[in-house]
Amino acid sequence: AADVDHLVSNERILAQLEITETPLVQGNTFSIDEPIKGSLCLKELMKNHNRQFASTVNVSSNEPFILTMTSGSTGAPKPIILTQETKIQRAKAAQLAYDISKDDVTLAATPLYHSLAERLVVTPLITGGTSVVLKRFTPKLWLETISEMGVTFTIAVSSQLAQVANYLSTEGFDGSLKLRCLVSSSALLEVPVKEALLRALVCEFHECYGTSEIAIATSIYYNANEGKLDSVGRAIPGVDLKIVDDSGAYVETGQPGEIVCKTPMIYGGYYKLPELTKQAFIEGYFRTGDIGKLDSDGFLKFLGRKKEIIISGGINIYPSDIETEIRNIDSVKECAAFPYPDEQLGEVIAVAIVPESKEDFNLRAVKKACLIALSDFQQPRKYFLVEELPKNGLGKLMKHELIKQLIRIH
């Protein structure tokens, strides 16, 4: 589907693909570490570096450079075209937003196929700084790497930071950290986690909002805006952000609607999906599919994915409002609110809960807490206890998978 000519991977993956029997691409297959039948080995090529595979061609900076995939948190992932110019623009925007210089040591701790990690590798190339790539993530290894390598800047996904906060509160950390600036991204970070990190880490702490299609759209410096802990910040320089209703009309300040964005860091469209690309824009603004609202100071509050809104008896209910209250209950480790089909109301609110301890969990106490904290129309009608919530490689909740699993079972 992606018209791949050449394949580059490691020996372990290539062995799983069984390339020794059937070639997967028309061109060359490369192994970056160990030799394997059916591929060219990088180690051997380095010894014979005069070998030529293709003539040099001039490529425009606006040609497709990378095909990456959306997270697929609410449906099937979509292939996104990113040009070289777009990647450079995104790296420069991060440099400007977080004052990154040649003196910074930048850590990339997410898979390199994701646009976030790519940006964290490209930015030091532009600034002349140092890049550190973490092979795998654990909170202990993350902290140790920051300490040992003198990391001063990183952007981490919120699920990683939740693990770091928990590790610091339970295990502690004795190493010294030179961390200057830390940014949370990819999914909303819960307020208690933000508060814990602000207490534990002596550095600038930011959170940003964006999508793979638009990169960073808003950012907030929490140390200077502690009264805005439920916000993901203001639009960064060069970005125009608006909130619209279903018809595309702008809504009043404080009212919820879809977040739309105009930015110089926009993607190059969905690969081979021109109609889907066209539908993703309204008057030059990209439709994020996310719901949010802007306050009078221009700070954005993220409310969730448009596809996740629960419409029960004609009332729009935002899952994040319910999840925030339930997560505050000590016996709850994780939770997710979602729509469940109902003959009378169309949909009712259902909640999947991962308990801290199955043996000590008291569902009646959770229901009582909901009765106190939530309005009548926000009360969950169905509760499911689960071992874990389905997540993708970046730790984002795959809510459509959760819904599919629970509705199919029940």
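Just above sits the structure.
Keep in mind the model is a prediction, meaning the values are calculated, not measured. Within each chain, residues carry numbers counting from 1 in the order of the written sequence. Under the rules for a predicted model, residues below a pLDDT of 70 receive no local features and side-chain atom pairs below 80 are neither given nor counted, while totals for whole chains, interfaces and linings still include all residues. The basis for every side-chain value is the complete set of heavy atoms in the structure, and neither hydrogens nor water enter the calculation.

**Brief notes about the pattern of salt bridges**
Let me state the cut-off plainly: One speaks of a salt bridge when a side-chain nitrogen belonging to Lys or Arg is within 4 Å of a carboxyl oxygen belonging to Asp or Glu. The secondary structure listing takes helices from DSSP runs of H or I that are at least 4 residues long and strands from runs of E that are at least 2 residues long, numbered from the N terminus. Remark: exposure states derive from per-residue accessible area (1.4 Å probe, protein chains only) relative to the maximum for the residue type, with buried under 20%, exposed over 50%, and partly exposed in between.
In the structure shown here, the tally under the stated rule is 21 salt bridges. A salt bridge links lysine 228 to aspartate 297; the shortest N-O distance between them is 3.0 Å. A residue pair is termed long-range when its members are at least 10 positions apart, and lysine 228 in the loop between strand E11 (215–221) and strand E12 (234–235) and aspartate 297 in the loop between strand E16 (285–294) and strand E17 (300–305) qualify at 69 residues. Since its relative accessible area comes to 18%, lysine 228 is described here as buried. Across the pair glutamate 401 and lysine 404 runs a salt bridge whose closest N-O atoms are separated by 3.4 Å. With a gap of 3 residues between them, glutamate 401 and lysine 404 both fall in helix H11 (residues 399–409), about one helical turn apart.

**So, the pairing of strand E22 (residues 382–385)**
Put simply, the rule is: A pair of strands is labelled paired if DSSP reports no fewer than 2 bridges between them. Handedness of a crossover is defined as follows: with both strands directed away from the viewer, a clockwise route from the first strand across the helix to the second makes it right-handed.
Bridging between strand E21 (residues 346–355) and E22 involves 4 bridges; their strand directions are parallel. Counted as the bridge partner of isoleucine 353 is leucine 385 from E22. Handedness of the crossover is the feature at issue here: the chain leaves E21, passes through helix H10 (residues 363–373), returns alongside E22, and the resulting connection is right-handed.

**As for the sheet that holds strand E2 (residues 29–31)**
What the 3 strands build is an open sheet, ordered E1-E2-E3; its pairing is parallel. The sheet is open, and its two edges are formed by strand E1 (7–9) and strand E3 (40–41), each paired on a single side. Pairing between E2 and E3: 2 bridges, direction parallel. Bridge pairing links phenylalanine 30 to leucine 40 in E3.

**Describing the packing of helix H3 (residues 84–97) against helix H4 (residues 115–127)**
This is how the line gets drawn: Structural elements are reduced to axes, namely lines fitted to C-alpha atoms, with helices fitted over the stretch in contact, and the angle between N-to-C directions of any two is expressed from 0 to 180 degrees. Here roughly perpendicular refers to angles of 65 to 115 degrees, roughly parallel to angles under 35, roughly antiparallel to angles over 145, and oblique to all remaining angles. Contacts: residue pairs with any heavy atoms within 4.5 Å of one another. Residues are grouped as follows: Ala, Val, Leu, Ile, Met, Phe, Trp, Tyr, Cys and Pro are nonpolar; Asp, Glu, Lys and Arg are charged; all remaining types, including Gly, are polar.
With their axes 8 Å apart at the nearest point, H3 and H4 run at an angle of 75° to one another. Classified by the interaxial angle, the pair formed by H3 and H4 is roughly perpendicular. In contact with Lys87, Ile88, Arg90, Ala91, Lys92, Ala94 and Gln95 of H3, H4 contributes Ser115, Glu118, Arg119, Val122, Thr123, Ile126 and Thr127. Residue composition of the contact of H3 with H4, by class: 5 nonpolar, 4 polar and 5 charged.

**Here we look at unusual backbone geometry**
Phi is mostly negative for residues that are not glycine, and the peptide bonds are mostly trans. In this structure, alanine 215 takes a positive phi of about 65° despite not being glycine. Judged by relative accessible area, which is 4%, alanine 215 ranks as buried. With phi around 50°, glutamate 283 is a residue other than glycine that occupies positive phi space. Locating glutamate 283 in the fold gives a position in the loop between strand E15 (281–282) and E16.

**Notes on the pairing of E16**
Taking burial as the measure, the 10 residues of E16 include 7 buried ones, the bulk of the element. In this sheet, E16 lies alongside strand E14 (residues 257–262) in antiparallel orientation, the contact comprising 4 bridges. Paired with glycine 257 across the two strands is glycine 292, which belongs to E16. One ladder, built from 2 bridges, connects E15 with E16; its direction is antiparallel. In the strand pairing of E16, isoleucine 282 is matched with tyrosine 285. In the sheet, E16 pairs with E17 via 5 bridges, with the strands oriented antiparallel. In the strand pairing of E17, isoleucine 291 is matched with glycine 304. The hairpin turn running from E16 into E17, its antiparallel successor, is 5 residues long, and glycine 298 in that turn takes a positive phi close to 85°.

**Structural notes on helix H7 (residues 191–200)**
Using the following cut-off: Directions drawn from the helix axis to the C-beta atoms are what define this arc.
Within H7, burial applies to Val193, Lys194 and Leu197. Viewed end-on, H7 has its buried residues packed into an arc of 100°, placing them on one side of the element. As for H7, its buried residues are in contact with helix H6 (158–170) and strand E10 (204–211).

**Thoughts on the side chain of glutamate 213**
Put simply, the rule reads: Positive: Lys, Arg. Negative: Asp, Glu. His and the chain ends are not part of the count.
With respect to the helices, strands and loops of the structure, glutamate 213 is situated in the loop between E10 and E11. Notably, glutamate 213 is buried but unbridged: the nearest opposite-charge side chain belongs to lysine 78, and the N-O separation is 5.0 Å. Ignoring anything within four residues of it in the chain, the contact list for glutamate 213 reads Thr70, Ile80, Arg90, Met265, Ile266, Tyr267, Tyr270 and Phe286.

**Observations concerning a nonpolar patch on the surface**
Definition in use: Surface patches are drawn from residues lacking salt bridges whose relative accessible area is over 30%; two like charges belong together within 9 Å, two nonpolar side chains (Val, Leu, Ile, Met, Phe, Trp, Tyr) within 5 Å. Each accessible area is a Shrake-Rupley estimate made with a 1.4 Å probe; only the visible protein chains count as cover when residues are assessed.
Together, Val8, Ile32, Leu42 and Met46 line one region of the surface with nonpolar side chains, adding up to about 400 Å² of accessible area. Following the sequence through the fold, valine 8 ends up in strand E1.

**Notes on the packing of aromatic side chains**
Using the following cut-off: Aromatic pairs are defined between Phe, Tyr and Trp rings, using the six-membered ring for Trp, whenever the two ring centres lie within 6.5 Å; interplanar angles under 30 degrees are classed as stacked, those over 60 as edge-to-face, and all others as tilted. Placement of a positive charge over a ring is assigned whenever Lys NZ or Arg CZ falls within 6 Å of the ring centre and within 35 degrees of the normal to the ring plane.
A full pass over the atoms with the stated rule returns 9 aromatic pairs. Between the NZ or CZ atom of lysine 242 and the centre of the ring of tyrosine 250, over which it lies, the distance is 4.9 Å.

**Description of H3**
Put simply, the rule reads: In this scheme, a helix's expected span is set at 1.5 Å multiplied by one less than its residue total.
Relative to the 20 Å expected for 14 residues at 1.5 Å per residue, H3 spans 20 Å between its end C-alpha atoms, a close match to the ideal helical length. Within H3, the full set of buried residues consists of Thr86, Lys87, Arg90, Ala91, Ala93 and Ala94. The arc that holds the buried residues of H3, viewed along the axis, is 155°, so those residues lie on one side. Directly beyond the C-terminal end of H3, a positive phi value near 55° is found at aspartate 99.

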